[in-house]
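Listed below, chain by chain, are the residues.
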Amino acid sequence: MRKLFVYSLVTLIAAGGVLQSCKLKKAGHIAVDDDAAKQVYVAPGHYDEYYNFVSGGFSGQVSVYGIPSGRLLKVIPVFSQNGENGYGYDENTKPMLNTSFGFVPWDDSHHTQLSETDAMYDGRWLFINANNTPRIARIDLKNFQTAEIIELPNTAGNHASPFITCNTEYIVAGSRFSVPTDYQNGDVPIKDYKKDFHGTISYIKVDKKTGGLSLDFQLALPPYNYDLSHSGKNASADWSFFTCYNTEEAHTLLEVNASQHDKDYILAINWKKAAEHAAKGDFDWKPCKYAHNVMNEATEQATSEILNKVKVIDTKKYNDFLYLIPCPKSPHGVDVDPTGEYIVGNGKLSANLPVFSFSKIEKAIKNHKFAGKVDGINVIKYEDALHGEVQSPGLGSLHTEFDADGNAYTSFFISSEIVKWSLKDCKIEDRIPTYYSVGHLSVLGADTKKPYGKYMIAYNKITKDCFLPTGPELCQAAQLYDISGNKMKLLLEFPLVGEPHYASAIAADMLKPNMQYFTRLADNHNPYKISTAQQARMERHGNRVDVYMAAIRSRLVPDNIEGIKLGDEVYFHVTNIEQEWDIPHGFAVKGNNNAEILVMPGETRTLKWIPNRVGILPYYCTDFCSALHQEMQGYARVSPK
Ligand code: CUK
Ligand code: CUA
């Protein structure tokens, strides 16, 4: 009977989502204030105030928008090969996509996080997760390039990731899918889920100076789905919080079987204490395989190594640092407010929105007041942790963000709206529709202790009639709201790349002073670099041919290459010897079934070519770089063996 009820609730909610998204607005039917255009118009010669780093979802990349204009400034390739600039195709960056499974050309990225010092952005790095083949990437904000990628062993569905602690001590990552660990025999019947499957949470250390990532330790946990995470601030700075759904431990028909429990959990972890256990030796070294890829700045060449063991803390044995807090009903996001006191659990299927109090949680722990234990982990009573509930705010709450004035903003996927409420008394203050089905929100700066406020962006899943139709496949949409007054105001709608999940925004003034405009040739230590056109040459070693090529307006040197034979492996090492900002050169050779490349000033990039046809194959610069760009061409002669 209960099952039937839950099933119909789920169906109803699913249907509700469809109904809502079919309630199409008609072009021109949304009221926007007369001055909206003025607020988002950035005139030629002027810049946007914020960079907005938006996860690309199934594209695997990060896109960078200017706010308030909503203009797309750049796509930063991270977890997918990128046809625009050769990332993942050229010999220099290919190793960035290596994993313990081999080369993975495309992944799914969900959450961005900016590095912080004292719970404020410091403008150094941006982190993002790969969901499918579990990895975390670090992007260097001085050149907007992916600098490092580390794979996570014992993990599947790296979704509760990469959430950082407030001095960027650790990146925290939780597994959405429980699986047999890498050190078990994985060939087990799936029906033995409860016995043989495990959840894993990882703590990845970030080097203070270099940003370098290293996997410090992991926690072995009950087989729930660890969906999302957030770190504490101020009093709660030593804590990270995770949502757990599927506490039913179901492995089939999750839409019904994982919706049975009235309450699932928020898992609160004192990471400082956990790290002390790891330092004390309260762990087992477990064998596993995972990749660590690093881009060497001086040579612009990536290296990839496979590591083979990790410290795992068994939480059945050591559990004086983690606690479960009941949270209704299949929670998605868990969000900590700028003071660090309030923790919001976004129950997707829950009627009310619970707000927990960190000081109350601390008190319950101090007084050893628990409702019982699950898998050795103490459970705090719902009422003992609860600050209050926002009553019937909307349907399908996913994520909550905060401004600096004690207000929270929650996204509701099913009722397609954003609800603003007050943290202090959990009273609803305002609501505004989204077009359509909002996922994540970003109140600019909301994950610091002092949000910028001013603007909020909704990242929506369904577009329908927002823009001119483009056939069956539509881009997804963002909406920009003014939140400086009591009422939220819609200002702008703009299209996105891939699927936006979480996004981070930083004041542009913070990044501009450290921006690197081009590589000085003297700082380029790539072994295949040449510094002048005179150094251009071709070298043969067996069937390997190395062409050291210079690109400069408006020549490719050498421009005639003879002596290549069928069966050769040809490497074009193209150095762009320009020493001026914003003069890239491209390089493509006819019929190369590998790739093309794009080379920034002062850099060297290597393109591999295995010619498979006898004849004259032209090559040329693919980026219009001067009035004589069309003259920037050459011929390669391929002869029989
Ligand atoms: S998730 Cu996408 S709407 Cu992957 Cu953060 Cu919630
Ligand atoms: Cu170089 Cu066109």
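Now for a quick tour of the structure. (Residues numbered from 1 in each chain as written. Chains lettered and ligands numbered in written order. Predicted model: local features only at pLDDT ≥ 70, side-chain atom pairs only at ≥ 80, totals over all residues.)

Some words on the site of ligand 1
Phase 1: Residues in contact with ligand 1, as listed here, are His110, His111, His159, Leu228, His332, Leu398, His399, Gly439, His440, His501 and Tyr502.
Phase 2: The set of elements that each furnish at least two residues to the shell around ligand 1 consists of β6 (109–117), β26 (397–402) and β30 (438–443). (Near = placed C-beta within 6 Å. Helix = DSSP H or I, 4+ residues; strand = E, 2+ residues; numbered from the N terminus.)

Observations concerning the sheet that holds strand β34 (residues 503–507)
Phase 1: An order of β3-β2-β1-β34 is seen for the four strands of this open sheet, with the pairing classed as antiparallel. Where the open sheet ends on each side, the last strands, each with one partner, are β3 (71–76) and β34. Looking at each pair of strands side by side, their axes are set apart by 25° on average, direction ignored.
Phase 2: Both strand β1 (residues 50–55) and β34 contribute to a ladder of five bridges, which runs antiparallel. Each residue of the ladder has a partner; that of Tyr50, found in β34, is Ala507. (Pairing = 2+ DSSP bridges. Axes fitted to C-alpha atoms, helices over the stretch in contact; angles between N-to-C directions.)

Some thoughts on the environment of Gln301
Phase 1: Within the fold, Gln301 resides in strand β18 (residues 301–314).
Phase 2: Discounting residues that sit within four places of it in the chain, Gln301 has contacts with Asn92, Asn296 and Asn526. (Contact = placed C-beta atoms within 7 Å.)

A short note on the sheet that holds strand β29 (residues 428–433)
Phase 1: The strand order across the open sheet built from four strands is β26-β27-β28-β29, with neighbouring strands paired in antiparallel fashion. Single-partner strands in this sheet number two, and they are β26 and β29. Within this sheet the neighbouring strands show an average axis-to-axis angle of 20°, counted without direction.
Phase 2: Sheet topology note: the strand β28 (residues 417–422)/β29 ladder contains five bridges and is antiparallel. What sits directly across from Val419, in β29, is Arg431.

Some points on the nonpolar core
Phase 1: Counting residues in hydrophobic clusters, the biggest one holds 133 residues, and the most contacted among them are Ile266, Ala268 and Ile325.
Phase 2: Discounting chain neighbours no more than four positions away, the residues touching Ala268 are Trp239, Phe241, Leu322, Tyr323, Ile325 and Ile361.
Phase 3: Counting residues in hydrophobic clusters, the runner-up holds 31 residues, among them Ile552, Ile564, Ile577 and Met600. (Core = buried A, V, L, I, M, F, W, Y, C linked by C-beta atoms within 7 Å. Buried ≥ 20, exposed ≤ 12 C-beta atoms within 10 Å, placed from the backbone.)

Focus on helix α5 (residues 271–280)
Phase 1: For α5, every residue scored as buried is listed here: Trp271, Ala274, His277 and Ala278. Along the axis of α5, the buried residues cluster in a sector spanning 110°; they form a single face. Projecting away from the buried face of α5 at angles above 90 degrees are the exposed residues Glu276, Ala279 and Lys280.
Phase 2: As for α5, its buried residues are in contact with β11 (170–174), β12 (199–206), β13 (213–221), β15 (239–245), β16 (263–270) and β18.
Phase 3: Backbone geometry just after α5 places Gly281 at a positive phi near 95°. (Arc of directions from axis to C-beta.)

Honestly, that's just the spatial picture; any functional story needs more than this.
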